[in-house]
Every structure is written in C-alpha cells, then in structure tokens.
Amino acid sequence: MALKVKTAETKVVLVNLLICMVVFYTVYYVVLSVCFAVFKIKMLDGLAPFDFKTNPSWINPYYLVLVISLEITFFICGLLFALVVEEWVWDYAVTVTIIHIIITSVVMSEFPLMLHWWLALGSGVISMICGGQILAYCLFKDNFIYPILDDF
C-alpha cells in the first residue's frame, strides 16, 4: 500500500505551518516586550522565549515575565491559528509547540528538563488548543469537518 499525498495539499500544510510559526514568534516577542515594559525590566533578552534555565520564583520579575508571556502568547496564538487553519488548530498547535521545543533545545544547547517549564508549556498548549478550537467552531461551524464514526 503506497502513501499517496498530493503536492498541492502538502504545500498548503507547509505554508500554513510557516504562517503559524511566524505568527507564534511575532506574538511571543510582542508580548515579551509588553511584559518587560510592564515589569520595568531594563533589557529585553532576545533568547527569552527559549529560556528554561531561570530559577522559578514568584518574587523574581524576570521569571514572572517569562511565564506570563508564555501563557499569553499561547492563548493568543490559539485564537490566531483558528483564523489561519480553521478547524485544525489542535494539529498546528501541537506541531508548533514541538518545533518550539526543538528550537529551544538547539538555542540553549540542552534538552529542557525543568518541571516548571514543562508545566507552563503544557498549560499553554492546552489553552492554545481549547481557545483556538472553540473559536474555530464558533466561526466555522457551518463547514466544520466531523469524522464519520459509522465504521467503529
């Protein structure tokens, strides 16, 4: 059994993924900039989206900026992904997150093993998927794709 994939469909998926990646990092840096300004942190670290090594402390403003910007970014991106990919938000959200983990590992030269970072990332992905899928359903419920489960 050969796998048959149309080139046009693959191009659409890759273009949508590229758009989602650009949206993700653009939103991330904008939210980081706003959070840095709100918390009055002097210097915006360009590697902040990839920083998992900062010690978790609720009194450390830099750590708060990292966590808050991560959560806000994921939620906003879920809503924006719904506009780009319609009902496939969950798929692109997971793919963008996996790519972000890979980029983070490359940038920081090690795989993230910090539990607090994984918890923040996990809750962010859940909010991205839930918010985006709900918005996609509300906007595109007339042409939403429902799986046919008659064969099960």
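Here, every reference points to the structure presented above.
Residues numbered from 1 in each chain as written. Predicted model: local features only at pLDDT ≥ 70, side-chain atom pairs only at ≥ 80, totals over all residues. Heavy atoms only, no water.

Caption draft 1: Region of interest: the nonpolar core. Counting 37 residues, the largest nonpolar core has Phe24, Phe74, Cys77, Phe81, Val96 and Met128 as its most contacted members. Contributions of two or more residues to this core are made by α1 (7-38), α2 (61-85), α3 (89-108) and α4 (115-140). When residues of this core are assigned to their parent elements, the largest contribution, twelve residues, is made by α1. Those residues within four positions of Val96 in sequence are excluded, and the remaining contacts are Leu17, Cys20, Met21, Phe24 and Phe81. (Core = buried A, V, L, I, M, F, W, Y, C linked by side-chain atoms within 4.5 Å. Buried < 20%, exposed > 50% of the residue type's maximum accessible area, 1.4 Å probe, protein only. Helix = DSSP H or I, 4+ residues; strand = E, 2+ residues; numbered from the N terminus. Contact = heavy atoms within 4.5 Å.)

Caption draft 2: Structural view of the packing of α3 against α4. Interhelical geometry of α3 versus α4 gives an angle of 155° and a closest axis separation of 9 Å. As judged from the angle between their axes, α3 and α4 are roughly antiparallel. Regarding α3 and α4, the two cross each other, and that crossing is right-handed. Packed against α3, whose contacting residues are Val89, Trp90, Ala93, Val94, Thr97, His100, Ile101 and Thr104, the element α4 presents Trp117, Trp118, Leu121, Val125, Met128, Ile129, Gly132, Gln133 and Ala136 at the interface. Its residues placed into classes, the contact of α3 with α4 shows twelve nonpolar, five polar and no charged. (Axes fitted to C-alpha atoms, helices over the stretch in contact; angles between N-to-C directions. Parallel < 35°, antiparallel > 145°, perpendicular 65-115°, else oblique. Left-handed = near helix turned anticlockwise from the far one by under 90°. Nonpolar A, V, L, I, M, F, W, Y, C, P; charged D, E, K, R; others polar.)

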